[in-house]
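Remarks on the overall topology
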Amino acid sequence: LLLLVLLGIAEFGFIFQRFHLIPSLSAVENVELGLMYGGVARRHRLPLARTALARVGLGHRIEHRPSELSGGEQQRVAIARAIARNQSFLLADEPTGALDSKTSEEIMALFCKLNAEGITVVVVTHEHDVAEYAAMNDDDRTKTSMPFVSSAEELRAENRSHRIVTVDEAVDLA
């Protein structure tokens, strides 16, 4: 985890399957902690953390601790932590693996919203329903579509601002 946090100091925001929230910290403090590790000055952390939590629909839950949040809310805190420094690239490792299907769809819809705001989102998954959700077009659902890339070659060839790959395909990218 420490290595991933250190790598996250660069241009990437990381979202983990198990959230990795500190139980004794509030939602806003968990996001601020990520900003601290990212080298953001203390005076900028709270406003950035509040803004990120508002972007993921948790502006009203900023003082709640992880034990007071649902699984979907905890994952949104983790997403807020990943986008708080205005990262332009998110890498989500099985972000819906610990969630029920309804909450998984809400998280995928949030990724689509973030992508529409200009953030590149890569979701590494082996869940076919998550990949199918990403492959849907606007005729299939009313949410913004995130095109599905079926192979490493196609991912390299595409000039898109968002992608979803399976675990096996992600290994091919290395």
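Located above this text is the structure these notes cover.
It should be emphasised that the depicted structure is a prediction, and the values quoted were computed from it without experimental measurement. (Residues numbered from 1 in each chain as written. Predicted model: local features only at pLDDT ≥ 70, side-chain atom pairs only at ≥ 80, totals over all residues. Heavy atoms only, no water.)

Remarks on unusual backbone geometry
Peptide bonds are trans in most cases, and residues, glycine excluded, mostly fall at negative phi. To be explicit about the condition: Secondary structure counts use DSSP, requiring at least four H or I residues in a row for a helix and at least two E residues in a row for a strand, with both numbered from the N terminus.
At F19, a residue that is not glycine, the phi angle is positive and equals roughly 70°. Checked against the element boundaries, F19 lands in the loop between β1 (12-15) and α2 (27-37). Although it is not a glycine, E94 sits at a positive phi angle of roughly 50°. Mapped onto the elements of the fold, E94 is located in the loop between β2 (89-93) and α5 (101-116).

Remarks on the environment of V40
What counts here: The contact criterion used is simple: two residues touch if any of their non-hydrogen atoms lie within 4.5 Å.
Turning to its location among the elements, V40 is positioned in the loop between α2 and α3 (42-55). Each C-alpha atom, one on V40 and one on R85, is 8.1 Å from the other, the two residues being 45 residues apart in sequence. Among residues more than four places away in sequence, those in contact with V40 are L35, R45, L48 and R85.

Describing the pairing of strand β3 (residues 120-125)
Keep this limit in mind: Think of it in three bands: with a 1.4 Å probe and only protein chains considered, a residue is buried below 20% of the maximum accessible area for its type, exposed above 50%, and partly exposed in between. Following DSSP output, two strands are said to pair if at least two bridges run between them. Here, the term right-handed applies to a crossover whose path from the first strand over the helix to the second runs clockwise when the strands point away from the viewer.
Most of β3 is tucked away, with six of its six residues classed as buried. With burial as the criterion, each face of β3 is covered, one bearing T120, V122 and V124 and the other bearing V121, V123 and T125. Of the pairings in the sheet, the one linking β2 to β3 comprises five bridges and is parallel in character. Of the residues in β3, the one forming a bridge with A92 is V123. In this fold, β2 hands off to α5, which returns the chain to β3; that crossover is right-handed.

Focus on the environment of E106
Position of E106 among the secondary structure elements: in helix α5. Separated by 10 residues in the primary sequence, E106 and T96 have C-alpha atoms spaced 9.6 Å apart.

Structural notes on the packing of α2 against helix α4 (residues 71-83)
We apply this condition: The angle between two axes is taken between their N-to-C directions and runs from 0 to 180 degrees, where each axis is a line fitted to C-alpha atoms and a helix contributes only its stretch in contact. Helix crossings are classified by the rotation of the near helix relative to the far one: an anticlockwise turn of less than a right angle makes the crossing left-handed, while a clockwise turn makes it right-handed.
Axis separation between α2 and α4 bottoms out at 8 Å; the angle between their running directions is 35°. As for the relative orientation of α2 and α4, their crossing is right-handed in sense. Residue-level contacts link A27, N30, V31 and G34 of α2 to V77, A80 and R81 of α4.

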